[in-house]
Amino acid sequence: EGNPGTSGSPKLTIQAAVDAVNSAGTVNVAAGTYAETVTINKALTLQGAGATTIINPAIDTDGIDITADNVTVKDLKITSSSSGTDSYIAINIH
């Protein structure tokens, strides 16, 4: 994705913004529903706009998968879903 991640031309997915931000940086997520799973593998802050910022992953996937230390997730809603065969969670911390 070619968007630079500015307020006038934001990244199209949360994952693209997470991948682009420097370690210890902040990803600001606008209100909206994001149909994706987000993998965080570096220290950062994922800052939503409140209850109207929703991560809604596909069935049988976790909402956020964290594999790094010093990660802060705040002011967003994360759903989880399961077809019943396995358990999936909103935030999976390794």
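In what follows, the structure referred to is the one given above.
What you are looking at is a predicted structure, and each value in this text was computed from that prediction instead of being measured. Position labels on residues start from 1 in each chain and follow its written sequence. Predicted model: local features are reported for residues with pLDDT of at least 70 only, side-chain atom pairs are reported and counted for 80 or more only, and whole-chain, interface and lining totals are derived from all residues. Just so you know, side-chain values use all the structure's heavy atoms and leave hydrogens and water out.

A.B. asks: Just give me the short version of the sheet that holds strand β6 (residues 64–66), but keep the residues and values in it.
C.D. replies: Pairs of strands are assigned from DSSP output, requiring at least two bridges between the strands. Put simply, DSSP H or I for four residues or longer makes a helix, DSSP E for two residues or longer makes a strand, and each gets a number counted from the N terminus. The strand order β3-β6-β9 describes an open sheet built from three strands, whose pairing is parallel. Edge strands, defined here as strands with exactly one partner in the open sheet, are β3 (38–40) and β9 (91–93). Between one strand and the next, the sheet's axes are offset by a mean angle of 15°, whatever the strand orientation. Note on method: axes are straight lines fitted to C-alpha atoms, helices fitted across the in-contact stretch only, with angles between N-to-C directions ranging 0 to 180 degrees.

A.B. asks: Please give an account of the pairing of strand β1 (residues 25–28) that cites residues and values.
C.D. replies: When a residue's accessible area, from a 1.4 Å probe over protein chains only, is under 20% of the maximum for its type it is buried; when over 50% it is exposed; and in between it is partly exposed. Residues Gly25 and Val27 point to one face of β1 and are all buried, whereas Thr26 and Asn28, pointing to the other face, are not buried. Examined bridge by bridge, β1 and strand β4 (residues 44–47) share four bridges and lie parallel to one another. Bridged to Gly25 within β4 is Leu44.

A.B. asks: Describe the side chain of Asn92, naming the residues involved and giving the relevant values.
C.D. replies: Structurally, Asn92 can be placed in strand β9. Throughout this description, a polar contact denotes any pair of N or O atoms lying within 3.5 Å of each other; where both atoms belong to protein, one of them has to be capable of donating a hydrogen while the other can accept it, and for residues adjacent in sequence the pair is counted only when both atoms sit in side chains. Among the polar contacts made by the side chain of Asn92, one reaches the side chain of Asp62 at a distance of 3.2 Å. There is a polar contact of 3.4 Å between the side chain of Asn92 and the side chain of Asp65. Residues contacting Asn92, with those up to four places away along its chain left out, are Asp62, Ile64, Asp65 and Ile66. We call two residues contacting when some pair of their heavy atoms lies within 4.5 Å.

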